[in-house]
Amino acid sequence: RLDAALRLLERAHALSPQDAGVRQALGLLLHRLERYAEALGHFDALVAAQPDFGPGHAARGLTLEALADFGAAGAAYARALDLQPGNLAALAGVASLESRRGAHVEARALAERVLAAAPGYPDAVMTVASADLALGAPEAAEALLRELAADPRLTPQQRALANGLL
């Protein structure tokens, strides 16, 4: 199904290369397919065309983080949160970056804010579980990860990470 969606979006983009909605959808799908460099090009074009569109900056941040460009990801998340303070993707992204730098208490607090607004949000659950592991609460982390691994919303990459942490 994803391949068919990709072909359809690529045709739509060829017909209307300036369509921001198509760019966003194509970027999100390419990100889901773990084709991050390709996705980034679409998110770059999206935020250039619509610099005040918070979700575009948040998606760009997620893609930059996947490409291990953590500084640029942090800047993209910050811009998304400036534009849309309640943007859960950006807030979860900041939590993830905090976890990566070893600030587990801060990461956990940020991820808990995401979970308060959207229970079960996969990226936030992963960050809380990682923080629990780092802070010496492996039982709590295991319980979160077992529940998360059964979540049908997970991408294959997220499921592999959850199972790998178990």
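As the structure is a prediction and not an experimental result, all values here were calculated from the model. (Residues numbered from 1 in each chain as written. Predicted model: local features only at pLDDT ≥ 70, side-chain atom pairs only at ≥ 80, totals over all residues. Heavy atoms only, no water.)

> What's the story with the packing of helix α6 (residues 88-100) against helix α7 (residues 104-117) in this structure? I'm lost.
Helices that pack against each other are described as a pair by the angle of their axes relative to one another and the distance between those axes. The geometry of α6 relative to α7 is characterised by a closest axis approach of 7 Å and an angle of 160 degrees between their N-to-C directions. When the interaxial angle is binned, α6 and α7 end up roughly antiparallel. Like other packed secondary-structure pairs, α6 and α7 cross with a definite hand, here left-handed. Contact with α6, carried on its side by Leu88, Leu91, Ala92, Val94, Ala95, Glu98 and Ser99, involves His104, Glu106, Ala107, Leu110, Ala111, Arg113, Val114 and Ala117 of α7 and no other residues of that element. Classifying every residue of the contact of α6 with α7 by side-chain character gives ten nonpolar, two polar and three charged. (Axes fitted to C-alpha atoms, helices over the stretch in contact; angles between N-to-C directions. Helix = DSSP H or I, 4+ residues; strand = E, 2+ residues; numbered from the N terminus. Parallel < 35°, antiparallel > 145°, perpendicular 65-115°, else oblique. Left-handed = near helix turned anticlockwise from the far one by under 90°. Contact = heavy atoms within 4.5 Å. Nonpolar A, V, L, I, M, F, W, Y, C, P; charged D, E, K, R; others polar.)

> How should I be thinking about the packing of α7 against helix α8 (residues 122-134) in this particular structure?
Axis separation between α7 and α8 bottoms out at 8 Å; the angle between their running directions is 150 degrees. Looking at the two axes, α7 sits roughly antiparallel to α8. Crossing angle aside, the handedness with which α7 passes α8 is left-handed. Facing α7, whose interface residues are His104, Ala107, Arg108, Ala111, Glu112, Val114 and Leu115, α8 presents Ala124, Val125, Thr127, Val128, Ala131, Asp132 and Ala134. When grouped by side-chain class, the residues that make up the contact of α7 with α8 number nine nonpolar, two polar and three charged.

> Would you take a moment to explain the environment of Ala80 for this structure?
Mapped onto the secondary structure, Ala80 falls in helix α5 (residues 70-83). Take Ala80: its relative accessible area is 0%, and that puts it in the buried class. Sequence separation of Ala80 and Thr155 is 75 residues, and the distance between their C-alpha atoms is 23 Å. Apart from residues no more than four positions distant in its own chain, Ala80 is found in contact with Gly54, His57, Ala58 and Ala90. (Buried < 20%, exposed > 50% of the residue type's maximum accessible area, 1.4 Å probe, protein only.)

> For this particular structure, what's the right way to read α6?
Residue pairs three or four apart in sequence face the same way in an α-helix, which turns once every 3.6 residues. End to end, α6 covers 18 Å across 13 residues, agreeing with the expected 18 Å (1.5 Å per residue, within 8%). Across the 13 residues of α6, ten count as buried, placing the element largely inside the fold. Buried within α6 we find Ala89, Ala90, Leu91, Ala92, Gly93, Ala95, Ser96, Leu97, Glu98 and Ser99. Buried residues belonging to α6 abut α4 (54-66), α5, α7 and α8. At the N-terminal end of α6, a side-chain oxygen is found 3.1 Å from the backbone nitrogen of Ala89, two or three residues along, and the residue is Asn87. A positive phi of about 90 degrees marks Gly102, the residue just after α6. (Expected span 1.5 Å × (residues − 1). Polar contact = N/O pair within 3.5 Å; in protein donor to acceptor, adjacent residues only side chain to side chain.)

> Looking at this structure, how should I read the confidence of the model for the protein chain?
Residues shown with low pLDDT carry predicted positions that ought not to be read at fine detail. Here the protein chain shows a mean pLDDT of 94. Residues at 70 or above account for 100%. The weakest mean pLDDT in the protein chain belongs to helix α10 (residues 156-165) at 82; the strongest belongs to α5 at 98. (pLDDT = per-residue confidence, 0-100.)

> Just to check I follow, could you spell out unusual backbone geometry for this structure?
Negative phi is the rule for most residues except glycine; trans is the rule for most peptide bonds. Look at Glu34: it is not a glycine, yet its phi comes out positive at around 65 degrees. In this fold, Glu34 is placed in the loop between α2 (20-32) and α3 (36-49). The exposure class of Glu34 is partly exposed, given its relative accessible area of 39%. Positive phi, close to 65 degrees, is recorded for Ala68, a residue that is not glycine. Along the chain, Ala68 turns up in the loop between α4 and α5.

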